[in-house]
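# Fold and contact review
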Amino acid sequence: MKLQDLDLAGKRVLVRVDFNVPVEAGRVTDDSRIQGAKPTLDLLLDKGASVVLMSHRGRPKGTYKEDLSMAPVLEAAQEVLGRPILPLFSDKVLSKEVIQGAKDLEPGQVALLENLRFRQEEEANDPTFAKHLALLGEVFVNDAFGTSHRAHASNAGVARYLPSYLGLLVEREVQVLGQVLEAPESPYVAILGGSKVSDKIDLIENLMEKLDGLVIVGAMANTFLKAQGHDLGASLVEDDKLDLAKGLLGRAKESGLDLVLPSDLVVAKGLEAESGQVVDLDQVPGDMMALDVGPKTLEAAGGLLESAKTVVWNGPAGVFEKEAFSKGTMGLAEIMAGLDAKTIVGGGDSAAAVKKSGLEDSFYHISSGGGASLTLLEGQDLPGISAILRKDEGQ
Ligand code: ADP
Ligand code: MG
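So, here's what we can say about the structure. Small disclaimer: the values here were computed from a predicted structure and weren't measured.

## A word on the packing of aromatic side chains
- Counted under the stated rule, the structure contains one aromatic pair.
- When the ring of Tyr64 is compared with that of Phe118, the centres are 4.9 Å apart and the planes differ by 70°; the resulting orientation is edge-to-face. Here Phe118 lies in the loop between β6 (110–113) and α4 (120–123) and Tyr64 lies in the loop between β4 (50–54) and α2 (71–81), a separation of 54 residues in the sequence.
- Note that Arg172 overlies the ring of Tyr364, its terminal NZ or CZ placed 4.8 Å from the centroid.

As structure tokens, then:
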């Protein structure tokens, strides 16, 4: 049963959103996560529901911290939604007044709770806390994809006590990433990069079966290149993963997968360097680190991607946070933006890199959940979502 099909007139709907937004000097500096929840909230309000919003922000570790209050978020959310939001704020998140306040909401009204992680019971998925949260609504909606890879009181917990549904944002994530796993249109190419092979082993193994092509970049590529016998100088290499990398390269070859590894690199003395120089693979000076991929690598990646119909990208090609080492990552973003393919980005840093490129609108899908998108692409269960879907099957 989908949210779109429900009659919610006069119902109180409790919604888990991801309002974990950056705040500086008491002001939200990027409201895109709030924007992400807007379609679901507009739908609920159009249907004549009242809405109780709940989210975490930062890591208060189970106690009240004034600087992690939802107060600045409330202001930003009022602007995004274009209507007043009632603060149902308690240092302990829940209280008699908070519960009464939720019950008193009229159709079309919106309220926001204080930071869920002021209570240690939230991340512990404490059943009593979940049951008390469930008192705030008659229906539960999970629209926070970013926390769905964890079973917390505010997702899997409340879902046990209320009729529960996926929000529009979560539904789209599940649909897009699910299709990539189950029935990707070929040619299907993945770009995998980022900092560590060890973070991404399950991802590589799960994707490899279905891929037609694979581009490996970022610090992760160093380990693969060294496994092939190349000298990477002072670059970050996971020496304890060389055998694993060799094994993966062997499997890639066996399955006839087109593979692109860096053929040139941008090197510098260290992460603090203000500029780098492009060198061919095997020309990395002993005291230098590879911090980005070079133009030849981009060209090879472009060639492989040209005819792709599905592209999944996880992991930047270099230290994109620094201008001097961002060309590889920005170049990949440009290549992807120009493709006639379903282009999908997963991973927190990768999504940030695409935003930095300014080319977001040319992508098919940029996942709103770093860890959650990786967990899904690894083929693992997302407890915050399966708690709802499983219930739906049982009903
Ligand atoms: P995601 O969050 O998208 O899954 P990761 O967390 O795996 O991506 O990797 C992102 C980080 O990898 C970035 O902070 C970037 O600076 C770093 N990185 C990429 N390439 C290199 C490199 N060659 N050397 C050191 N760090 C790198
Ligand atoms: Mg990351």
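## Some thoughts on the site of ligand 1
- Taken together, 19 residues surround ligand 1, and among them Lys200, Ala290, Glu321, Asp349 and Ser350 come closest.
- Here an oxygen atom of ligand 1 sits 2.8 Å away from a polar atom, N or O, in the side chain of Asp349.
- Looking at which element gives the most residues to the shell around ligand 1, the answer is helix α13 (residues 348–357), with three residues.
- Within the shell around ligand 1, the residues separate by chemical class into seven nonpolar, nine polar and three charged.

## Describing helix α9 (residues 218–227)
- Most of α9 is tucked away: nine of the ten residues are buried.
- Turning to α9, its buried residues are Gly218, Ala219, Met220, Ala221, Asn222, Thr223, Phe224, Leu225 and Ala227.
- Where α9 is buried, its residues touch β9 (188–192), α8 (201–208), β10 (213–216), α10 (242–254) and β14 (289–293).
- Where α9 ends, the next residue or the one after it, Gly229, has phi of about 100°, a positive value.

## Some points on the pattern of salt bridges
- Tallied over the entire structure, the rule returns 15 salt bridges.
- Across the pair Lys241 and Asp240 runs a salt bridge, and its minimum N-O distance is 3.2 Å.
- Taking relative accessible area as the criterion, Asp240 reaches 62% and is therefore assigned exposed.
- It is possible to trace a salt-bridge network through shared partners that takes in Glu205, Glu209 and Arg251.

## Digging into the pairing of β4
- Across the five residues that make up β4, a large majority, five, are buried.
- Burial along β4 is two-sided: Ser50, Val52 and Met54 and Val51 and Leu53, pointing in opposite directions, are all buried.
- Two elements, strand β1 (residues 12–16) and β4, share five bridges in a ladder whose sense is parallel. Across the sheet, the residue bridging to Val13 is Val51, located in β4.

## Considering the sheet that holds β4
- With parallel pairing, the six strands of this open sheet are ordered in space as β5-β6-β4-β1-β7-β8. Since the sheet does not close on itself, it has two edges, and those belong to β5 (86–88) and β8 (164–166), each with one partner. Averaged over all neighbouring strand pairs, the angle between strand axes comes to 25°, with direction disregarded.
- Direction of pairing for β4 relative to β6: parallel, over a ladder of three bridges. Each residue of the ladder has a partner; that of Val51, found in β6, is Val110.

## Describing a negative patch on the surface
- Negative charge collects at one region of the surface, where Asp30, Asp31, Glu75, Glu79, Glu360 and Asp361 lie side by side.
- In this structure, Glu75 sits in helix α2.

## Let's talk about the side chain of Ser386
- Residue placement: Ser386 occurs in helix α15 (residues 383–394).
- On the accessibility criterion, Ser386 (10% relative accessible area) is buried.
- Those residues within four positions of Ser386 in sequence are excluded, and the remaining contacts are Asp381 and Lys391.

What counts and how
- Residues numbered from 1 in each chain as written.
- Chains lettered and ligands numbered in written order.
- Predicted model: local features only at pLDDT ≥ 70, side-chain atom pairs only at ≥ 80, totals over all residues.
- Heavy atoms only, no water.
- Phe/Tyr/Trp six-rings, centres within 6.5 Å; stacked < 30°, edge-to-face > 60°.
- Helix = DSSP H or I, 4+ residues; strand = E, 2+ residues; numbered from the N terminus.
- Lys NZ or Arg CZ within 6 Å of the ring centre and 35° of its normal.
- Near = heavy atom within 4 Å.
- Polar contact = N/O pair within 3.5 Å; in protein donor to acceptor, adjacent residues only side chain to side chain.
- Nonpolar A, V, L, I, M, F, W, Y, C, P; charged D, E, K, R; others polar.
- Buried < 20%, exposed > 50% of the residue type's maximum accessible area, 1.4 Å probe, protein only.
- Contact = heavy atoms within 4.5 Å.
- Salt bridge = Lys/Arg side-chain N within 4 Å of Asp/Glu carboxyl O.
- Pairing = 2+ DSSP bridges.
- Axes fitted to C-alpha atoms, helices over the stretch in contact; angles between N-to-C directions.
- Patch = residues over 30% accessible without salt bridge, like charges linked within 9 Å, V, L, I, M, F, W, Y side chains within 5 Å.
- Areas by Shrake-Rupley, 256 points an atom, 1.4 Å probe, with all protein chains shown as cover.
- Lys, Arg positive; Asp, Glu negative; His and termini not counted.
- Charge placed at Lys NZ, Arg CZ, Asp CG, Glu CD.

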